[in-house]
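Each chain is listed here by its residues.
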Amino acid sequence: MNLKVLILDLDSTLTDGIYQVSHTGEIAKNFYTRDFAALERLAKKDVDIYILTGSSDRCIDYKISGFYLDFLEKISISKNVEDKFAIVSRIIKDCNMKKNEIAYMGDSITDLKCIEDIYLSGCPADAEKIILKSALFVSDKNGGHGAVEDFVEFLIGREECQN
């Protein structure tokens, strides 16, 4: 597989963007199980997965903690991210990658520079208008409701057509 790295925004891409806060202040987020099954398929094809978020909560840590070690070794999570483009640029440099070996999916203005810079870019159906116009792939599913699975299927199908 030519694809080496998939970078995902967390909130409103891998989740539906809705935070539930309990009376004790605990935060919960909604994830779509099949999005993670799709990420596991990519990891088995030796694709590294980076999840970027501006938040600092532990929801994503709890979500992935039950997965197999082989899958966990392929995932990196960056929290409190203020500049996603700087992280993406560092990944490209540190891993000595070409931009066509990376895919990026996000939904908001904080993802725009990455969406514009990475050719294999995608977004959920409910992304901000400027992201919908800029992304190569627009899922017909909303964030947290299968958009990531949809993008992964697009990426795998694209690879199969090229081989």
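Residues numbered from 1 in each chain as written. Predicted model: local features only at pLDDT ≥ 70, side-chain atom pairs only at ≥ 80, totals over all residues. Heavy atoms only, no water.

A short note on the overall build of the protein
Then, in step 1: Of the regular secondary structure elements, the protein holds eight helices and eight strands.
Then, in step 2: Compactness check: the protein gives a C-alpha radius of gyration of 15 Å against a globular reference of 15 Å for 163 residues, within 12% of the reference.
Then, in step 3: Partitioning the contacts of the protein with sequence separation of at least 6, the portion at a separation of at least 24 is 60%.
Then, in step 4: For the protein, the accessible area works out to roughly 8,400 Å², and carbon and sulfur atoms hold 49% of it. (Helix = DSSP H or I, 4+ residues; strand = E, 2+ residues; numbered from the N terminus. Rg over C-alpha atoms; globule rule 2.2 N^0.38 Å. Contact = heavy atoms within 4.5 Å. Areas by Shrake-Rupley, 256 points an atom, 1.4 Å probe, with all protein chains shown as cover.)

Describing the side chain of Ser108
Then, in step 1: Considering the arrangement of structural elements, one finds Ser108 in the loop between strand S6 (102–105) and helix H6 (112–117).
Then, in step 2: Look at Ser108 and you get buried, because its relative accessible area is 13%.
Then, in step 3: When sequence neighbours within four positions are dropped, the list of residues in contact with Ser108 reads Glu128 and Ile131. (Buried < 20%, exposed > 50% of the residue type's maximum accessible area, 1.4 Å probe, protein only.)

Structural notes on the nonpolar core
Then, in step 1: Formed by 30 residues in total, the largest nonpolar core has its most connected members in Leu6, Leu14 and Leu39.
Then, in step 2: Contributions of two or more residues to this core are made by strand S1 (5–9), helix H1 (10–14), helix H2 (33–44), strand S4 (48–52), helix H3 (59–64), S6 and helix H8 (147–162).
Then, in step 3: Here this core gets six residues from one element, more than from any other, and that element is H8.
Then, in step 4: Those residues in contact with Leu39, other than ones at most four positions away along the chain, are Leu6, Leu8, Leu14, Ile49, Phe71, Val148 and Val152.
Then, in step 5: One finds Ile7, Val81, Met97 and Ala127 within the second-largest nonpolar core, a separate group that totals 20 residues. (Core = buried A, V, L, I, M, F, W, Y, C linked by side-chain atoms within 4.5 Å.)

A few points about the sheet that holds S4
Then, in step 1: The strand order across the open sheet formed by six strands is S5-S4-S1-S6-S7-S8, and the pairing between neighbours is parallel. Of all the strands in the sheet, the pair left with one neighbour each is strand S5 (75–78) and strand S8 (137–138).
Then, in step 2: Note: S1 against S4, five bridges, orientation parallel. When the bridges of S4 are listed, Asp9 appears paired with Leu52. (Pairing = 2+ DSSP bridges.)

Observations regarding the environment of Ile64
Then, in step 1: Relative to the helices and strands, Ile64 is located in helix H3.
Then, in step 2: On the basis of relative accessible area, Ile64 is assigned to the buried category, the value being 10%.
Then, in step 3: Not counting residues within four places of it along the chain, the set of residues in contact with Ile64 comprises Phe36, Leu72, Ile75 and Ile77.

What about the pattern of salt bridges?
Then, in step 1: In this structure the tally under the stated criterion is eleven salt bridges.
Then, in step 2: Salt-bridge contacts for Asp11 lead to Lys29; the nearest nitrogen and oxygen are separated by 2.8 Å. Note that Asp11 is positioned in helix H1 and Lys29 in strand S3 (residues 27–31), a separation of 18 residues in sequence.
Then, in step 3: Since its relative accessible area comes to 9%, Lys29 is described here as buried.
Then, in step 4: Several salt bridges share partner residues, and in doing so they unite Asp9, Lys84 and Asp111 into one network. (Salt bridge = Lys/Arg side-chain N within 4 Å of Asp/Glu carboxyl O.)

Describing the packing of aromatic side chains
Then, in step 1: Enumeration according to the criterion identifies four aromatic pairs in this entry.
Then, in step 2: Relative to Phe154, the ring of Phe151 has its centre 6.2 Å away and its plane inclined at 15 degrees; by these criteria the two rings are stacked. With Phe151 and Phe154 both in helix H8 and three residues apart, this pair spans about one turn of that helix.
Then, in step 3: Taking the relative accessible area as the measure of exposure, Phe151 reaches 0% and is therefore buried.
Then, in step 4: Under the relative-accessibility criterion, Phe154 is labelled partly exposed at 26%.
Then, in step 5: An aromatic cluster is present here, built from Phe137, Phe151 and Phe154 joined pairwise through their rings. (Phe/Tyr/Trp six-rings, centres within 6.5 Å; stacked < 30°, edge-to-face > 60°.)

All we've got here are geometric facts, nothing functional implied.
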